[in-house]
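# Commentary on secondary and tertiary structure
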Amino acid sequence: MNKQVPILAGFDAGQTQCRCRLSAWENGKLRTVGDGSGPGVSHLDAADGEERFRSAIRFSLDRARLDWTQRCGREPNKSEPIFAAAIGASGIEAGTPLQERGGALLASELQLPEARCLATGDERTALRGAFPDQAGIVLISGTGMIVVGRNANGREHRCGGWGWRLDGAGSAFDIGHEALQLSVKMADGRAPDGTLRQRLWDALSCRSAADLKALLVSPNHGVADHARLAPLVDEAAAQGDTAARAILQRSASALAQAAAATAKALDLHTPSLAARGGALEHLAEFRQLVHQTVFDLLPGSNWPSAPGDACDGALACAVDRSPLKPH
């Protein structure tokens, strides 16, 4: 860059990974200068919640700075600090003390005034990215799930996403977890055996239900490990496995029901919808089932091409926190 311009950071922090996007504010617009990713986050109240939150910010920012270096062919100048930042993180509820803690941690990690930092739920930044100024509903299915929408009056409503212990249906975790539950029933003879069990056990290097039990109680096996099995279920369903398809259908129905409840709460009769999260973006069979089931419940709905992702939404929130844009 020939002149110093403000650099803003937007973070999208899920349970599996955290993405960072660095953008320059030029002529009233944002221009991406670097993207990077790092480890995911957990709830801030978890035993290692704050350290994971800091690590996610630190590592993804480092990778985004490296990408910036590769794009421009030089090290970013230290006189080009982060001007403002926002993070949408799994587990942060808007209007709660967790939101204040998250904002303070972000400010501390970036050495910024708290007034120029915002922490909120990743569903809020996804909604802002997909529908910056319009009414719409975002369905998010990654490691976890959540649905959030906004109507023309600016009122928002969220549905689901209360964590895997309470409300996992519709997530990649739930798909993987249900498949593992079915696999032990198959091994016991409580359900007809099939190729899905062997597919899962091979991926986990398990030979028996006892091996599987030992793996799942080990301290190194977590929620994200269940979610990583979802592509195997999707592949099995694509190859005609009826048990795998039934698992996908149950999760698709959970997402569709949350979308319908959100539309009702916001009085949206023909809502615009956007799909976000790894499960909806990468699992073709699951995505098709979600689209069909949502249409069955909301026949007037549509899936327009949404302009931005959660990092874009976070960057828009960062702009709001800065004096760059007239308020």
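Below is a short write-up of the structure. (Residues numbered from 1 in each chain as written. Predicted model: local features only at pLDDT ≥ 70, side-chain atom pairs only at ≥ 80, totals over all residues. Heavy atoms only, no water.)

This model, assessed by the stated rule, comprises 24 salt bridges. Here aspartate 309 makes a salt bridge to arginine 21, at a shortest N to O gap of 2.9 Å. Of this pair, aspartate 309 sits in the loop between α12 (284–297) and α13 (310–320) while arginine 21 sits in strand β2 (residues 17–26), placing them 288 residues apart in sequence. Across the pair, exposure class does not vary: aspartate 309 and arginine 21 are buried alike. What you see here is one network of salt bridges that share partners, running through Asp12, Arg19, Arg21, Asp35, Asp67, Arg71, Asp309 and Asp312. (Salt bridge = Lys/Arg side-chain N within 4 Å of Asp/Glu carboxyl O. Helix = DSSP H or I, 4+ residues; strand = E, 2+ residues; numbered from the N terminus. Buried < 20%, exposed > 50% of the residue type's maximum accessible area, 1.4 Å probe, protein only.)

A few words on the environment of valine 41. With respect to the helices and strands, the residue valine 41 is situated in the loop between β3 (29–39) and α1 (49–72). When the C-alpha positions of valine 41 and glycine 14 are compared, they lie 6.0 Å apart, and in sequence the two are 27 residues distant. Residue contacts for valine 41: discarding those within four places in its chain leaves Ala13, Gly14, Gln15, Arg52, Phe53, Ala56 and Ser90. (Contact = heavy atoms within 4.5 Å.)

Moving on, we come to the sheet that holds β2. Taken together, 5 strands build an open sheet; the order of strands is β3-β2-β1-β4-β5 and the sheet is mixed. Since the sheet does not close on itself, it has two edges, and those belong to β3 and β5 (117–121), each with one partner. Across the sheet, the mean angle separating the axes of adjacent strands is 15 degrees when strand polarity is ignored. Bridge analysis of strand β1 (residues 7–13) against strand β4 (residues 82–89) gives 7 bridges, and the strand direction is parallel. For glycine 10, the partnering residue across the bridge sits in β4 and is alanine 86. Contacting β1, β2, β3 and β4, α1 runs over the sheet at an angle of about 125 degrees to β3. (Pairing = 2+ DSSP bridges. Axes fitted to C-alpha atoms, helices over the stretch in contact; angles between N-to-C directions.)

Once that is clear, we can look at the side chain of glutamate 285. Relative to the assigned elements, glutamate 285 resides in helix α12. Apart from residues no more than four positions distant in its own chain, glutamate 285 is found in contact with Asp234, Ala237, Ala238, Arg245 and Leu248.

Turning to the state of the cysteines, a few remarks are in order. Applying the stated criterion to the full structure yields 0 disulfides. Here cysteine 18 stays free of any disulfide, with the sulfur of cysteine 20 as its closest cysteine sulfur at 7.1 Å. Cysteine 117 carries a free sulfur, and the closest cysteine sulfur to it, the one in cysteine 20, is 12 Å from it. Exposure remark for cysteine 117: the relative accessible area of 2% places this residue in the buried category. (Disulfide = S-S within 2.5 Å.)

All right, on to the packing of aromatic side chains then. Counting across every chain of the model gives 1 aromatic pair. One cation-aromatic arrangement involves arginine 116 over phenylalanine 83; the distance from NZ or CZ to the ring centre is 4.1 Å. Taking NZ or CZ as reference, arginine 158 lies 3.7 Å from the ring centre of tryptophan 162, over its face. (Phe/Tyr/Trp six-rings, centres within 6.5 Å; stacked < 30°, edge-to-face > 60°. Lys NZ or Arg CZ within 6 Å of the ring centre and 35° of its normal.)

All right, on to helix α6 (residues 195–203) then. Along an α-helix, residues three or four apart share an orientation, since each turn contains 3.6 residues. Those residues of α6 not exposed but buried are Leu196, Arg197, Leu200 and Trp201. Angularly, the buried residues of α6 cover 125 degrees about the axis, an arc narrow enough to put them on a single face. Opposite the buried face of α6, by more than 90 degrees, sit the exposed residues Thr195 and Asp202. Against α5 (172–188), α7 (209–216), α9 (230–238) and α10 (242–265) lie the buried residues of α6. With its phi angle positive at about 55 degrees, serine 205 sits one or two positions after the end of α6. (Arc of directions from axis to C-beta.)

Backbone geometry at glutamine 111 places phi at a positive 55 degrees, although glycine is not the residue there. The class of glutamine 111 is exposed, set by a relative accessible area of 73%. In this model, serine 205 sits at a positive phi of 55 degrees, which is unusual for a non-glycine residue. Along the chain, serine 205 falls in the loop between α6 and α7.

What follows is about the sheet that holds strand β9 (residues 273–276). Here we have 4 strands laid out as an open sheet, ordered β8-β7-β6-β9, and mixed in their pairing. Among the strands making up the open sheet, the edge pair consists of β8 (156–159) and β9. Each adjacent strand pair in this sheet contributes to an overall mean axis angle of 15 degrees, direction not counted. Alignment of strand β7 (residues 145–150) against β8, held across 4 bridges, turns out to be antiparallel. Its bridge partner being in β8, valine 147 is matched across the sheet by cysteine 159. Sitting on the sheet, α10 is in contact with β6 (136–141), β7 and β8, with an inclination near 25 degrees to β7.

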